[in-house]
Amino acid sequence: MIRAGVVGTGSLGFHHTRILRDLEGVELVGFHDADPERSAFVASELGVTGFGELEPLLDSIDAAVVAVPTTAHEAVALAALERGVHVMIEKPIAPSLESADRILAAAEAAGALVQTGHVERFNPAILAAEPYLETPLFIESNRIAPFVARGTDVAVVLDLMIHDVDLLGSLVHAPVREISATGIPVLTPSVDIANARLTYETGAIANLTASRVSMKKERKLRIFQPSGYLSLNLAEGKGNFLRLKGQIPGLGEGGEMPEISAMGLMGLVESIALEGDGVEPLRRELEAFRDAINGEREVVVSGQDGRNALAVTLEIEERIRSHVADTRPS
């Protein structure tokens with residue numbers, strides 16, 4: 001049994017605690033939250049032990065989920081790693097690349113695992129699409145949501161867009177070669193809506209939009225590749241893969257394209273429904289963490305993966321600042 005603990009039981013940490021409490025092969029020793037009222041609520045609601053201090057919890061476990069605010073990720077992760085405790089750190093892995101590097105160095109020195117909490121890797125729609133993914137040429141992602149106060153201590157790029165930065169990196173399997181981006185604050189001092197265009201070393205291009213000031217909630221991903229087109233609804237965990245059943249009828253004399261009616265077009269296109277097994281993505285993520293600790297699989301989203309996503313995201317933020325400065329009236 002892996003003895004596990006959770007540090008930080010806000011909206012996401014609460015669910016980590018709930019799942020770990022019942023996860024096979026894991027003994028949830030307890031959790032720590034700096035807010036006594038929150039700690040008392042979680043302990044009562046989930047029937048688990050709350051530790052008033054961090055150190056006694058870390059001294060009692062083999063693995064920790066770090067779900068505190070991003071600014072505290074490094075301090076908590078280093079305290080765990082110096083004890084040889086494996087850590088899963090919620091995204092973003094750290095507030096800066098220097099901080100991320102210190103975490104990765106500590107993990108290497110301790111021989112401990114670091115997994116980054118990019119839960120979209122475990123989205124049912126993504127898992128169902130994997131057999132059909134080949135060489136993406138163009139990807140479009142839209143991650144928009146109505147305004148809520150949570151997460152507004154950072155720009156929307158670090159709060160929301162980083163999900164898709166990591167996910168796209170795992171689909172394209174290549175470094176980003178070029179970035180252009182723009183964005184503006186709307187309700188907070190930070191950027192609340194942003195758009196970025198990424199060009200990868202393979203030539204693939206991605207267009208990403210993230211907003212936390214929209215009228216509706218939407219998480220969609222569209223992937224265009226030589227074999228067809230994938231349309232994924234990440235919020236619902238399902239999608240479709242559309243591909244030609246065969247060859248389009250040949251061109252007419254003079255090279256004219258034959259007229260194809262809407263009904264005729266549907267006869268040429270095969271639509272494959274993509275649906276997952278209904279398992280909660282956060283559970284899949286924690287199962288992967290457990291299995292990596294047991295040596296049964298590689299870490300799915302490594303600490304280095306988390307650093308890579310952070311590096312691209314911070315560069316997007318810098319490009320937004322530069323674009324705003326360049327276009328501001330003098």
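To be clear, the structure that these remarks concern was listed above.
One structure accompanies this document, and this report is about it. (Residues numbered from 1 in each chain as written. Predicted model: local features only at pLDDT ≥ 70, side-chain atom pairs only at ≥ 80, totals over all residues. Heavy atoms only, no water.)

**Focus: the overall build of the chain**
(1) Moving on: Within the chain, the secondary structure is distributed over 10 helices and 14 strands.
(2) Moving on: Compactness check: the chain gives a C-alpha radius of gyration of 22 Å against a globular reference of 20 Å for 330 residues, within 12% of the reference.
(3) Moving on: For the chain, the C-alpha atoms occupy an extent of roughly 80 × 55 × 40 Å along the three principal directions.
(4) Moving on: Taken over 330 residues, the chain has a buried fraction of 48%.
(5) Moving on: Of the contacts formed within the chain by residues at least 6 apart in sequence, a portion of 69% connects residues at least 24 apart.
(6) Moving on: On the chain, roughly 15,800 Å² of surface is accessible, and the fraction owed to carbon and sulfur atoms is 52%. (Helix = DSSP H or I, 4+ residues; strand = E, 2+ residues; numbered from the N terminus. Rg over C-alpha atoms; globule rule 2.2 N^0.38 Å. Buried < 20%, exposed > 50% of the residue type's maximum accessible area, 1.4 Å probe, protein only. Contact = heavy atoms within 4.5 Å. Areas by Shrake-Rupley, 256 points an atom, 1.4 Å probe, with all protein chains shown as cover.)

**Comments concerning the pattern of salt bridges**
(1) Moving on: Summed over all chains, the structure comprises 23 salt bridges.
(2) Moving on: The closest approach of N and O atoms between Asp-101 and Arg-307, which form a salt bridge, is 2.6 Å. With Asp-101 in helix α5 (residues 97-110) and Arg-307 in helix α10 (residues 303-327), the pair connects residues that are 206 residues apart, well separated along the chain.
(3) Moving on: Given the relative accessible area of 19%, Arg-307 is considered buried.
(4) Moving on: With a closest N to O distance of 2.7 Å, Glu-315 and Arg-319 form a salt bridge. On the criterion of helical spacing, the pair formed by Glu-315 and Arg-319 is a turn pair, its members being four residues apart in helix α10. (Salt bridge = Lys/Arg side-chain N within 4 Å of Asp/Glu carboxyl O.)

**Re the packing of aromatic side chains**
(1) Moving on: Under the counting rule described, the total for this entry stands at four aromatic pairs.
(2) Moving on: Plain terms: the ring middles of Tyr-132 and Phe-241 are 5.1 Å apart, the flat faces sit at 35° to each other, and that makes the pair tilted. With a gap of 109 residues between them, Tyr-132 in the loop between α6 (124-129) and β7 (138-144) and Phe-241 in strand β13 (residues 238-244) connect regions that are remote in the sequence.
(3) Moving on: Using a relative accessible area of 25% as the deciding quantity, one classes Tyr-132 as partly exposed.
(4) Moving on: An angle of 20° between the planes, with centres 4.6 Å apart, marks the rings of Phe-224 and Tyr-229 as stacked.
(5) Moving on: Here Tyr-229 falls in the partly exposed class, since its relative accessible area comes to 23%. (Phe/Tyr/Trp six-rings, centres within 6.5 Å; stacked < 30°, edge-to-face > 60°.)

**Considerations on helix α4 (residues 73-81)**
(1) Moving on: The element α4 is largely enclosed, with a buried count of seven among its nine residues.
(2) Moving on: Along α4, the residues classified as buried are His-73, Glu-74, Val-76, Ala-77, Ala-79, Ala-80 and Leu-81.
(3) Moving on: Elements that come into contact with the buried residues of α4 comprise β1 (2-7), α3 (54-58), β4 (63-66), β5 (86-90), α5 and β6 (114-117).

**What to know about the nonpolar core**
(1) Moving on: One finds Met-161, Leu-221, Leu-232 and Ile-316 to be the most contacted residues of the largest nonpolar core, which totals 68 residues.
(2) Moving on: Take this core: its biggest share by element is 11 residues, from helix α7 (residues 156-172).
(3) Moving on: Among residues more than four places away in sequence, those in contact with Leu-232 are Ala-125, Ile-126, Ala-129, Arg-219, Lys-220, Leu-221, Ile-223, Lys-238, Gly-239 and Leu-274.
(4) Moving on: Among the nonpolar cores identified, the runner-up in size contains 19 residues, and Ala-4, Leu-20, Leu-28 and Phe-31 belong to it. (Core = buried A, V, L, I, M, F, W, Y, C linked by side-chain atoms within 4.5 Å.)

**Structural notes on unusual backbone geometry**
(1) Moving on: At the junction of Lys-91 and Pro-92, the peptide bond is cis and its omega measures out at -15° in the coordinates.
(2) Moving on: Position of Pro-92 relative to the elements: it lies in the loop between β5 and α5.
(3) Moving on: Of note, the phi angle at His-173 is positive, near 60°, even though the residue is not glycine.
(4) Moving on: With respect to the helices, strands and loops of the structure, His-173 is situated in the loop between α7 and β8 (176-184).
(5) Moving on: On the basis of relative accessibility, which here comes to 68%, the residue His-173 falls in the exposed class.

**A short note on the sheet that holds strand β9 (residues 193-200)**
(1) Moving on: The sheet built from eight strands is open, its strands ordered β8-β9-β10-β7-β11-β12-β13-β14 with mixed pairing. Each of the sheet's edge strands pairs with one partner strand only, and the pair in question is β8 and β14 (269-275). Adjacent strand axes in the sheet meet at a mean angle of 10°, parallel and antiparallel pairs treated alike.
(2) Moving on: With eight bridges joining them, β8 and β9 adopt antiparallel strand pairing. Note that in β9 the partner of Gly-183 across the bridge is Ala-194.
(3) Moving on: Sheet strands in contact with α7 are β7, β9, β10 (205-211) and β11 (218-225), and its direction is about 155° off that of β10. (Pairing = 2+ DSSP bridges. Axes fitted to C-alpha atoms, helices over the stretch in contact; angles between N-to-C directions.)

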